[in-house]
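# Chains, contacts and geometry: an overview
Given next are the chains, with one letter for each unit.
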Amino acid sequence: MLDIKFIREQPDVVKTNCKNKLDGSDIDGLLELDGRRRSIIQDVESLKSLRNTVSQEIAVMKKQGLDAAEKIAEMKAESDRIKELDDELRGIEEKIESIMLMIPNIAHPSVPVGRSADDNVEVRREGTCDERTWRKDHIEISKNLGILDFERGAKVSGGGFGFYVGKGARLERALINYFVDTDTEVHGYQEIMTPFVANKDSLRGTGQLPKSHDDMYYAERDELYLIPTAEVTITNYHRDDMLSGENLPIKFAGYSACFRREAGSYGKDTRGFLRVHQFNKVEMVKFVRPETSYDELESMVGNVEYLLRALGLTYRVLLLCTGDMTFGGAKTYDLEVWSPAEQRWLEVSSCTNFESFQARRANIRFKDTPSSKPEFVHTLNGSGLATSRIMVALLEQHQTEDGRIIIPECLRRYTGFDTIG
């Protein structure tokens, strides 16, 4: 959430940013409501001051045995007016909050202006984009090897779900363990295991609500959402906390299953693991000082690249344009792996600096000393990594002409085998 003071002082900046992020928030309407809100607050304060004065006069008159009926009637009229204004104020504040929650974060000046993924900027790539030639896609080769079963996944749960079987299940578990161990042992994150459900306040804090309600699974009876990413639960671990500046940065890495309805995506890239409703992911989250957040973003991207290089996968790093960025992001890098069978890039990680956007919504602050003025931390998150499309790239990039899968060296101590097939 943006600071209302910033919106008042720089409305043109906010309007331009909304336009660049393809957002239609009514900034003029917000400012009009804000002006009325401040006017009501002034009127109420004046009326309450007058009421206090009249109350004192009534007390004096009664003490002197004088008739205070007229003053009492005047005070009642002022009290009724105050109640009317308070009711109006509550309604206006609700409208202001509903608009504020939908205004996107300000994009960093280094973010290119654009309308779609076509306007993203490739920063770098590593590896070779092989042609398909003899390579089977991940669905065919996994079926031949008996390691993934999408047909039974659809039978049991519906489209967008699958089973990992035998060595496929062990390989999936190996990926998760390798990612968590590397993030913690090599890159210095603290491991955290999160709930797989979250309440409305948590999803509002990280920005999924109210904007992305339709993309999530909701347990109405319990008023809980299945998390679309562990970003939600890990970031809200410090919701309403006052952190100590000497403990920053705080870096967490945690595994979770992720659940996404993907409303409106039906028919788009739905084969196999290209787009699923449940997948596994190791998430990295940082709470940092504002002045270091962009260095921390670059470091996070480097952490993801370390994993991709160790897996021996062809990948590239993209700087997202304004029109393709996440709603709450100030700057985002996507990391994509090459799919030889699909002959295209697949996103496997998104690393974002939210600056104070999430911290303001979730009230996460820090103080350098007990007497320091509180400041909002900057929050960052990144996938390190999502496994479903990593599995696609691994099966397609590391398969042999005779239909085997070569397991990357870094995973063998977790799998206990060198090949599948």
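Please refer to the structure higher up on the page.
### Examining the sheet that holds strand β8 (residues 242-244)
Spatial strand order, β8-β14-β15: 3 strands in an open sheet with mixed pairing. At either margin of the open sheet sits one strand with a lone partner, and together these are β8 and β15 (375-376). Pairing analysis gives 3 bridges linking β8 to strand β14 (residues 365-367), with the strands arranged parallel. The residue of β14 that forms the bridge with Ser244 is Lys367.

### Quick word on a nonpolar patch on the surface
Together, Val156, Phe163 and Val165 give the surface a local cluster of nonpolar side chains, amounting to about 250 Å² of exposed area. You can see Val165 is positioned in the loop between β3 (163-164) and α7 (167-185). The class of Val165 is partly exposed, set by a relative accessible area of 37%.

### Describing the packing of aromatic side chains
Scanning the entire structure with this criterion turns up 10 aromatic pairs. With a centroid separation of 6.1 Å and 80° between ring planes, the pair formed by Phe196 and Tyr255 is classed as edge-to-face. One end of the pair, Phe196, is in the loop between β4 (190-191) and β5 (197-198); the other, Tyr255, is in strand β9 (residues 250-259), with 59 residues separating them in the sequence. The exposure class of Phe196 is partly exposed, given its relative accessible area of 30%. Look at Tyr237 and Phe252: their rings are 5.3 Å apart centre to centre, the planes differ by 75°, and that puts the pair in the edge-to-face class. Here the residue Tyr237 occupies a position in the loop between α9 (230-235) and β8, and Phe252 occupies one in strand β9, the gap between them amounting to 15 residues. Above the plane of the ring of Phe417 lies Lys167, whose end atom (NZ or CZ) is 4.6 Å from the centre. Directly above the aromatic system of Tyr189 lies the positively charged group of Lys251, at a separation of 4.7 Å from the ring centroid.

### A short note on α7
Under the 1.5 Å per step criterion, the end-to-end length of α7 is 26 Å for 19 residues, consistent within 8% with the ideal 27 Å. For α7, the complete set of buried residues consists of Gly168, Leu171, Glu172, Ala174, Leu175, Ile176, Tyr178, Phe179, Val180, Thr182, Asp183 and Thr184.

### Concerning the pattern of salt bridges
By the definition in use, this model includes 25 salt bridges. One salt bridge connects Arg38 with Asp34, and the closest N-O pair in it is separated by 3.5 Å. A residue pair is termed a helical-turn pair when its members lie 3 or 4 positions apart in one helix, as Arg38 and Asp34 do in helix α3 (residues 27-63) at 4 residues. A salt bridge links Arg125 to Glu122; the nearest nitrogen and oxygen atoms lie 2.8 Å apart. Residue Arg125 is classed as partly exposed on the basis of its relative accessible area of 42%. Judged by relative accessible area, which is 32%, Glu122 ranks as partly exposed. Through salt bridges with shared partners, a single network forms among Arg8, Asp34, Arg37 and Arg38.

### Points about the sheet that holds strand β7 (residues 224-226)
What the 3 strands build is an open sheet, ordered β5-β7-β6; its pairing is antiparallel. The open sheet has two edge strands, β5 and β6 (218-219), and neither has a second partner.

### Thoughts on the nonpolar core
Formed by 54 residues in total, the largest nonpolar core has its most connected members in Phe179, Leu308, Val337, Ile390 and Leu411. Sort the elements by how many residues they give to this core and α7 lands first, with 7 residues. Formed by 25 residues, the second largest nonpolar core is a distinct cluster that contains Leu2, Leu85, Leu89 and Ile103.

### Topic: the packing of helix α2 (residues 11-20) against α3
The geometry of a pair of packed helices is captured by two quantities: the angle between their axes and the separation between those axes. Interaxial distance between α2 and α3 falls to 10 Å at its minimum, and their mutual angle equals 145°. Between α2 and α3, the residues in contact are Pro11, Val14, Lys15 and Cys18 and Ile27, Asp28 and Leu31, respectively.

### Some remarks on helix α4 (residues 69-100)
Count 3.6 residues to each turn of an α-helix, and residues three or four apart come out pointing the same way. Look at α4: 46 Å from first C-alpha to last across 32 residues, which is about the 46 Å you get at 1.5 Å a residue. When we look at burial in α4, the residues that qualify are Glu78, Ile82, Leu85, Leu89, Ile92, Ile96, Ile99 and Met100. In this fold, the buried residues of α4 make contact with α1 (4-9) and α3.

### Details of the packing of α7 against helix α10 (residues 293-310)
Close contact between α7 and α10 brings their axes to 11 Å; oriented N to C, the two are set at 135°. One way to sum up the angle between α7 and α10 is to call them oblique. Considering only the axes of α7 and α10, their crossing is right-handed. Listed contacts from α10 to Tyr178, Phe179, Thr182 and Asp183 of α7 are Tyr306, Leu307 and Ala310.

Cut-offs and rules
- Residues numbered from 1 in each chain as written.
- Predicted model: local features only at pLDDT ≥ 70, side-chain atom pairs only at ≥ 80, totals over all residues.
- Heavy atoms only, no water.
- Pairing = 2+ DSSP bridges.
- Helix = DSSP H or I, 4+ residues; strand = E, 2+ residues; numbered from the N terminus.
- Patch = residues over 30% accessible without salt bridge, like charges linked within 9 Å, V, L, I, M, F, W, Y side chains within 5 Å.
- Areas by Shrake-Rupley, 256 points an atom, 1.4 Å probe, with all protein chains shown as cover.
- Salt bridge = Lys/Arg side-chain N within 4 Å of Asp/Glu carboxyl O.
- Buried < 20%, exposed > 50% of the residue type's maximum accessible area, 1.4 Å probe, protein only.
- Phe/Tyr/Trp six-rings, centres within 6.5 Å; stacked < 30°, edge-to-face > 60°.
- Lys NZ or Arg CZ within 6 Å of the ring centre and 35° of its normal.
- Expected span 1.5 Å × (residues − 1).
- Core = buried A, V, L, I, M, F, W, Y, C linked by side-chain atoms within 4.5 Å.
- Axes fitted to C-alpha atoms, helices over the stretch in contact; angles between N-to-C directions.
- Contact = heavy atoms within 4.5 Å.
- Parallel < 35°, antiparallel > 145°, perpendicular 65-115°, else oblique.
- Left-handed = near helix turned anticlockwise from the far one by under 90°.

Any functional reading would require information beyond the geometric quantities listed.
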